[in-house]
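Working through the structure, step by step
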Amino acid sequence: MERVTKSLLGIIVALSLASCALMQTTSTAEELAPYASRATAFGYQNRLFWHSVKIVSFARGERPFFEGQLVPVASLHGEGTPFQWSIEADASMVDEIKEELAEFETYLHHYSRILNETGWLENFEPHFRIGFAPPNAGLDHSHHTRFQRRPEFLFLASPGSNSSDDPHTALLDKLGTIQHEMVHFAARTGSISIPGQTREARGINEEAFATINELCGRLLLKVQSEHGYGFRKNFDVTFKEEKGSREMLKALFEGAAEIDHHMIRRSTLGNLIGTFVAYEPDLIGSRFGGDWTEERLQRCADFSHTPQDFYSQYLDNGQPDMWAQMLFPESD
């Protein structure tokens, strides 16, 4: 079991790379450290006259990076939406980011519409700050915002040594994280209601729904890029590009329930369910799109708008046979 547990910790790195979303109890970076090399966590408190949100950015790295090192690069409003965006970066990256601003603005305008169309943020006018830290920067940062209507969220991006440091990839990853965390925000503020008979079930259902929305948002942006709409280039969307993603999911498939940290277990099981739901009917590890684009768009329409009791559907009676076939196809 010890070897399985250690293997699972590595798997959680992959599944939680974009977002390790936590429920009402906020994990600290120190608590995340044994389970992931990079993660984003969400915490929320509701008071009588105001809300409080904390975004935790964590990454193992060579040199610590602090919010005060960020330099403003650009700001804009999402066209036709109440969303404000700010792009910030370490001083060493400002010139590189400025060269990409025209494409970045296209991404942000399109993602603003994707977020706005959910209707979950209609009572708020959020300010999304995206900060670029240098590759291999170490992050141990919590950003608090107290608000009534205009929350400010700071999301830090720090590519690891084995990840692409392409600014486009970093921004797209962070936009997926933002959409994921806004599902948790919507659940906490009452814009959506998460089903489930127990706290464990509701936590897993919320994480699954957030994962589905994260993947579906990326797919929608990919499809829009392929049809032009102001994009200068197309881009690929995959579940995870690292070699062996299917092997990691196989181990997760067999042992996720053994994780002893309840928040990480909920997050991991929810990620697993959300990934399978979004990827059917294709095999895990293939490109997110391709021949199955139309089918996946339909699945996004079916599953990304209203939370469902995924726990009852997929875990009450054990993991479905169809998941095993996706991970262990007969041709393997």
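Residues numbered from 1 in each chain as written. Predicted model: local features only at pLDDT ≥ 70, side-chain atom pairs only at ≥ 80, totals over all residues. Heavy atoms only, no water.

Brief notes about the nonpolar core
- Formed by 36 residues in total, the largest nonpolar core has its most connected members in W85, F128 and F132.
- Those residues in contact with W85, other than ones at most four positions away along the chain, are A74, S75, L76, G78, L108, S112, L115, H127, F128, I130, L175 and I178. (Core = buried A, V, L, I, M, F, W, Y, C linked by side-chain atoms within 4.5 Å. Buried < 20%, exposed > 50% of the residue type's maximum accessible area, 1.4 Å probe, protein only. Contact = heavy atoms within 4.5 Å.)

Quick notes on the sheet that holds strand β6 (residues 127-132)
- In space, the 4 strands of this open sheet follow the order β4-β5-β6-β8, with mixed pairing throughout. A single partner strand is all that each edge strand has here, and the edge strands are β4 (70-77) and β8 (152-157). Taken over all neighbouring pairs, the strand axes of this sheet differ in orientation by 20° on average, direction set aside.
- Relative to β6, strand β5 (residues 84-90) runs parallel, the two sharing 6 bridges. The partner of Q84 across the bridge, within β6, is H127. (Pairing = 2+ DSSP bridges. Helix = DSSP H or I, 4+ residues; strand = E, 2+ residues; numbered from the N terminus. Axes fitted to C-alpha atoms, helices over the stretch in contact; angles between N-to-C directions.)

Overview of helix α5 (residues 167-189)
- With 23 residues, α5 should cover 33 Å at 1.5 Å per step; its first-to-last C-alpha distance of 32 Å lies within 8% of that length.
- Burial analysis of α5 places 20 of its 23 residues in the buried class, the great majority of the element.
- One or two residues past the end of α5 sits G190, with phi positive at roughly 90°. (Expected span 1.5 Å × (residues − 1).)

Quick notes on the packing of helix α8 (residues 262-279) against helix α9 (residues 293-303)
- The interhelical angle for the contact between α8 and α9, taken along N-to-C directions, is 130°, at an axis separation of 8 Å. It follows that α8 is oblique to α9 by the angle criterion. Along its contact with α8, which presents V277, A278 and Y279, the element α9 presents R296, R299 and F303. (Parallel < 35°, antiparallel > 145°, perpendicular 65-115°, else oblique.)

As for the environment of E207
- Following the sequence through the fold, E207 ends up in helix α6 (residues 199-226).
- Linking E207 and I273, residues 66 residues apart in sequence, is a C-alpha distance of 8.7 Å.

Details of the state of the cysteines
- This model, assessed by the stated rule, comprises 1 disulfide.
- A sulfur-sulfur distance of 2.1 Å marks the disulfide that ties C216 to C300. Looking down the S-S bond of the C216 and C300 bridge, the torsion is -95°, so its handedness is left-handed. Here C216, found in helix α6, pairs with C300, found in helix α9; they are 84 residues apart in sequence, far enough to count as distant.
- Take C216: its relative accessible area is 3%, and that puts it in the buried class. (Disulfide = S-S within 2.5 Å.)

With respect to the pairing of strand β7 (residues 137-147)
- Where strand β2 (residues 51-59) and β7 come together, 9 bridges link them in antiparallel fashion. If you follow I55 over to β7, its bridge partner there is H143.
- The pairing of strand β3 (residues 63-64) with β7 spans 2 bridges and is parallel. Each bridged residue has a counterpart across the sheet, and for P64 the counterpart in β7 is G138.

Concerning the sheet that holds strand β1 (residues 38-46)
- Strands sit in the order β1-β2-β7-β3 across an open sheet of 4 strands; the sheet is mixed. A single partner strand is all that each edge strand has here, and the edge strands are β1 and β3.
- α5 contacts β1, β2 and β7 of the sheet and is inclined by roughly 25° relative to β1.

Regarding the packing of aromatic side chains
- Within the structure shown, the criterion is met by 12 aromatic pairs.
- Look at F153 and F155: their rings are 6.4 Å apart centre to centre, the planes differ by 40°, and that puts the pair in the tilted class.
- Judged by its relative accessible area of 0%, F155 is buried.
- Aromatic ring contacts, followed pair by pair, group F83, W85, F124, F128, F147, F153, F155 and F185 into a single cluster. (Phe/Tyr/Trp six-rings, centres within 6.5 Å; stacked < 30°, edge-to-face > 60°.)

A closer look at the side chain of S304
- Examined against the element boundaries, S304 turns out to sit in the loop between α9 and α10 (310-314).
- Residue S304 is classed as buried on the basis of its relative accessible area of 7%.
- Of the polar contacts made by the side chain of S304, one reaches the backbone oxygen of C300; its length is 2.5 Å.
- If we skip the residues at most four places from it in the chain, S304 touches W120, F209, I212, N213, C216 and R299. (Polar contact = N/O pair within 3.5 Å; in protein donor to acceptor, adjacent residues only side chain to side chain.)

Thoughts on the confidence of the model for the protein chain
- This prediction gives the protein chain a mean pLDDT of 77; 68% of its residues lie at or above 70.
- The low-confidence segment residues 239-244, where pLDDT is below 50, has 11 contacts with residues more than four positions distant or belonging to other chains.
- Within the model, pLDDT remains below 50 along residues 283-289, and this stretch shows 31 contacts once partners closer than five positions in the same chain are excluded. (pLDDT = per-residue confidence, 0-100.)

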